[in-house]
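Coordinates in review
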Amino acid sequence: MSDRPNILFVMTDQHRGDCVGADPESPTDPDGHPLIHTPNIDNFVSDGALFSRAYTPSPSCIPARRSLLTGQTPSTNGAPGWVTTPWDFEHTLPEALRDAGYQTKLTGKIHSIPPGNHVGFESMDQHEALYGGPADDYEQWLERESGGEFDETSHGLGRNSWDPRPWHLEEYQHPTNWTTRKALEFLDERDETRPFFLNLSYVRPHTPFDPPQAYWDMYVDRDIPTPYVGDWTDETYGDKIPEYPAADAWVADLSPTIAHRTRAAYYGLVTHIDHQIKRVIDRLRVMGELENTFVVFLSDHGEMLGDHYLWRKTYGYEGSARVPLILQFPGAMELPRQQIVDQPVGLEDVMPTLLSVADAPVPDTVEGRNLLDLVRDPDRDDWRDWYHGEHAAGSYDPENGTQYVIAERIKYVWNPVTGEELLFDLERDPGEENDLSDDPDHADDLERARNALIDRLEDRPEGFVEDGSLVTTDTGPESLGDPDDASSGN
């Protein structure tokens, strides 16, 4: 056993922050109990901390993962939205850990460009779920399993479809199970002379919404809360709702039955992942390594799931921008346990945190902060007052750009194309149903939040700020495109 802790980094894709049972804002059943069954993820909090205000700096796959792996904000690493330029970073998290003596392994999704770019991982078993291009490791395995008779989407669901149904093959053939199995194989074959950094990275609960039958059955007959619809929603998106929405529509007012089934499938995918994580935790326990393993659980961004008639991601609203983030500490690490930390944090904070756990130097290029400082003192007054996130215009619709800042209680969302402002009190209104931007009682909150955003944007080349005020612009990276189109994956 190494003197330094192993690191198990569990990542999901398109996973809402409120979709773990331990989260204070998780949906509940009619008796007030958490609706979403995630006992193994929840148990991490017993020896760790849950960050209830964790956000993605840019809510789509590639820009979020760029920030995660570099510890940088989107504007610094050149991806304030969806960009498809090759990844060539001065420093990455897996590279820094490898150089510090860790054995680095990825199983599942990384979404690096080009797809075979290891960015510091010594080996990868990939499931990328991309449109076109060469088949990844999972797709090749599934083709061999079937003799070419079926594939991951032969059930007829698209990779970005809100249309749900149960998985069409045996449960062990689901990509969630395959990704877990590859992680178990690594643990069995690893170099025991080195600590490991294992990134167990699931594609689900990203669409398609296709849980195995047992997990579909777990939720489809349950009483599930309906999507949030804000008092501002019709004005913002009402004229964009199609009468006959495509199965991959980004905005759609679906029937209550379909919305219910979609949420049931999504929750089923989350519980399926939770049960698969237990396989890895049990293996570590049997190996005698669990007590020496630091665990991180998080996602790259969320999923709107019909809130405000919206689907998928790229929005500054809670369903898209807030993510689950939980740490579990090794037995020997002297830190407070069972904490709910409410200060705003983001994906760029993960790299400096894990490098501190590994006793490795933090590169000067890193902009994030060490989350363990908050664990030691959740009420510290030298943490960031506001967290900033963004996604450049052009995704799904030319008017879908967003800039947002979040404090512990207040969120301000500004659309740099239309100039629309929204202000929410997240403590009283976690579903963002009530816009307070015109409420005189919240004029001070609006001014503070707007000034916080101006402070972060005033030197940006896009021209978001002129003479100390926000101004509209549709300027973004030249290579920005649809984060779900066929040329750039999902």
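Residues numbered from 1 in each chain as written. Predicted model: local features only at pLDDT ≥ 70, side-chain atom pairs only at ≥ 80, totals over all residues. Heavy atoms only, no water.

The geometry of helix α7 (residues 213-220) relative to helix α9 (residues 256-287) is characterised by a closest axis approach of 8 Å and an angle of 125° between their N-to-C directions. One finds that α7 runs oblique with respect to α9. Between α7 and α9 lies a crossing of right-handed hand. Two secondary-structure elements touch here, α7 through Tyr215, Trp216, Met218, Tyr219 and Val220 and α9 through His260, Arg261, Ala264, Ala265, Tyr267, Gly268, Thr271, His272 and His275. Its residues assigned to classes, the contact of α7 with α9 comprises eight nonpolar, five polar and one charged. (Axes fitted to C-alpha atoms, helices over the stretch in contact; angles between N-to-C directions. Helix = DSSP H or I, 4+ residues; strand = E, 2+ residues; numbered from the N terminus. Parallel < 35°, antiparallel > 145°, perpendicular 65-115°, else oblique. Left-handed = near helix turned anticlockwise from the far one by under 90°. Contact = heavy atoms within 4.5 Å. Nonpolar A, V, L, I, M, F, W, Y, C, P; charged D, E, K, R; others polar.)

Our focus in this paragraph is a negative patch on the surface. Residues Asp342, Asp377, Asp379, Asp381, Glu408 and Glu427 make up a contiguous surface patch of negative charge. Tracing the backbone shows aspartate 379 in the loop between α12 (371-376) and β11 (387-391). (Patch = residues over 30% accessible without salt bridge, like charges linked within 9 Å, V, L, I, M, F, W, Y side chains within 5 Å. Areas by Shrake-Rupley, 256 points an atom, 1.4 Å probe, with all protein chains shown as cover. Salt bridge = Lys/Arg side-chain N within 4 Å of Asp/Glu carboxyl O. Lys, Arg positive; Asp, Glu negative; His and termini not counted. Charge placed at Lys NZ, Arg CZ, Asp CG, Glu CD.)

Counted at 1.5 Å a residue, the expected span for helix α13 (residues 443-457) with its 15 residues is 21 Å, and the 21 Å between its end C-alpha atoms agrees. Considered for burial, the residues of α13 that qualify are Asp445, Leu446, Ala449, Ala452, Leu453, Ile454 and Leu457. Lining the buried residues of α13 we find β11, β12 (402-406), β13 (410-414), β14 (421-425), β15 (465-466) and β16 (469-470). (Expected span 1.5 Å × (residues − 1). Buried < 20%, exposed > 50% of the residue type's maximum accessible area, 1.4 Å probe, protein only.)

So, on to the pattern of salt bridges. Summed over the entire model, instances satisfying the criterion amount to 39 salt bridges. A salt bridge links aspartate 382 to arginine 380, with the shortest nitrogen-to-oxygen separation between them at 2.5 Å. Linked through salt bridges whose partners overlap, the residues forming this network are Asp23, Glu25, Arg53, Glu318, Arg322, Lys411 and Glu432.

Once that is clear, we can look at the packing of helix α5 (residues 137-146) against helix α6 (residues 175-189). Interaxial distance between α5 and α6 falls to 11 Å at its minimum, and their mutual angle equals 110°. By the angle class used here, α5 and α6 are roughly perpendicular. Across from Asp137, Tyr138 and Trp141 in α5, the residues of α6 making contact are Pro175, Trp178 and Arg181. Residue classes in the contact of α5 with α6 are distributed as four nonpolar, no polar and two charged.

Another point: the confidence of the model for the protein. With 96% of its residues at a pLDDT of at least 70, the protein reaches an overall mean of 94. The low-confidence segment residues 477-481 (pLDDT under 50) makes 14 contacts with residues lying over four places distant or belonging to another chain. This stretch, residues 485-489, has a pLDDT under 50; its non-local contacts, to residues over four places away or in other chains, come to 10 contacts. (pLDDT = per-residue confidence, 0-100.)

This part takes up unusual backbone geometry. Of the consecutive residues isoleucine 113 and proline 114, the connecting peptide bond is found in the cis state with omega at -5°. Mapped onto the elements, proline 114 comes out in the loop between β4 (103-108) and β5 (123-126). The peptide bond linking arginine 204 to proline 205 adopts the cis configuration, its omega dihedral lying at 10°. Although it is not a glycine, aspartate 359 adopts a positive phi angle of roughly 55°. Within the secondary structure, aspartate 359 sits in the loop between α11 (350-357) and α12.

With that settled, consider the pairing of β11. The buried fraction of β11 is high, at five of five residues. Along β11, one buried face is formed by Tyr387, Gly389 and His391 and the opposite face, lined by His388 and Glu390, is buried too. One ladder, built from five bridges, connects β11 with β12; its direction is antiparallel. Considered in β12, the bridge of glycine 389 is made with tyrosine 404. (Pairing = 2+ DSSP bridges.)

We now examine the state of the cysteines. Under the defined criterion, the tally for this structure stands at zero disulfides. Cysteine 61 supplies the cysteine sulfur nearest to cysteine 19, a cysteine that is in no disulfide, at a spacing of 16 Å. Judged by relative accessible area, cysteine 19 falls into the buried class, the value being 1%. Residue cysteine 61 is classed as buried on the basis of its relative accessible area, which comes to 0%. (Disulfide = S-S within 2.5 Å.)

Another aspect to go through is the sheet that holds strand β6 (residues 196-205). Across the sheet, which stays open at both edges, the eight strands sit in the order β5-β4-β6-β1-β7-β8-β2-β9 with mixed pairing between neighbours. Two strands bound the open sheet, and with one partner strand each, they are β5 and β9 (339-341). The average angle at which neighbouring strand axes cross in this sheet is 15°, direction not considered. As judged from the four bridges shared by β4 and β5, these two strands associate in the parallel manner. Looking at β5, one finds that leucine 106 is bridged to methionine 124.

With respect to the helices and strands, the residue cysteine 61 is situated in helix α2 (residues 61-70). In the structure, cysteine 61 is positioned 48 residues away from aspartate 13 in sequence and 7.8 Å away in space, judged by C-alpha atoms.

Let's shift gears to the packing of aromatic side chains. Taken as a whole and assessed by the stated rule, the structure comprises 21 aromatic pairs. With 5.9 Å between their ring centres and 10° between their planes, phenylalanine 121 and phenylalanine 197 make a pair best called stacked. Here the residue phenylalanine 121 occupies a position in the loop between β4 and β5, and phenylalanine 197 occupies one in strand β6, the gap between them amounting to 76 residues. In this structure phenylalanine 197 comes out as buried when scored by relative accessible area, which is 0%. The interplanar angle of 90° and the centroid separation of 6.5 Å between the aromatic rings of tyrosine 237 and tyrosine 317 together place this pair among those described as edge-to-face. With tyrosine 237 in helix α8 (residues 233-237) and tyrosine 317 in the loop between β7 (293-299) and α10 (318-321), this residue pair connects regions lying 80 residues apart in the sequence. A relative accessible area of 7% means that tyrosine 237 is categorised as buried. A relative accessible area of 4% places tyrosine 317 in the buried class. Among the aromatic residues, those joined into a cluster by ring pairs are Trp232, Tyr237, Trp250, Tyr315, Tyr317, Tyr396 and Phe424. Above the plane of the ring of tyrosine 396 lies arginine 312, whose end atom (NZ or CZ) is 4.4 Å from the centre. (Phe/Tyr/Trp six-rings, centres within 6.5 Å; stacked < 30°, edge-to-face > 60°. Lys NZ or Arg CZ within 6 Å of the ring centre and 35° of its normal.)

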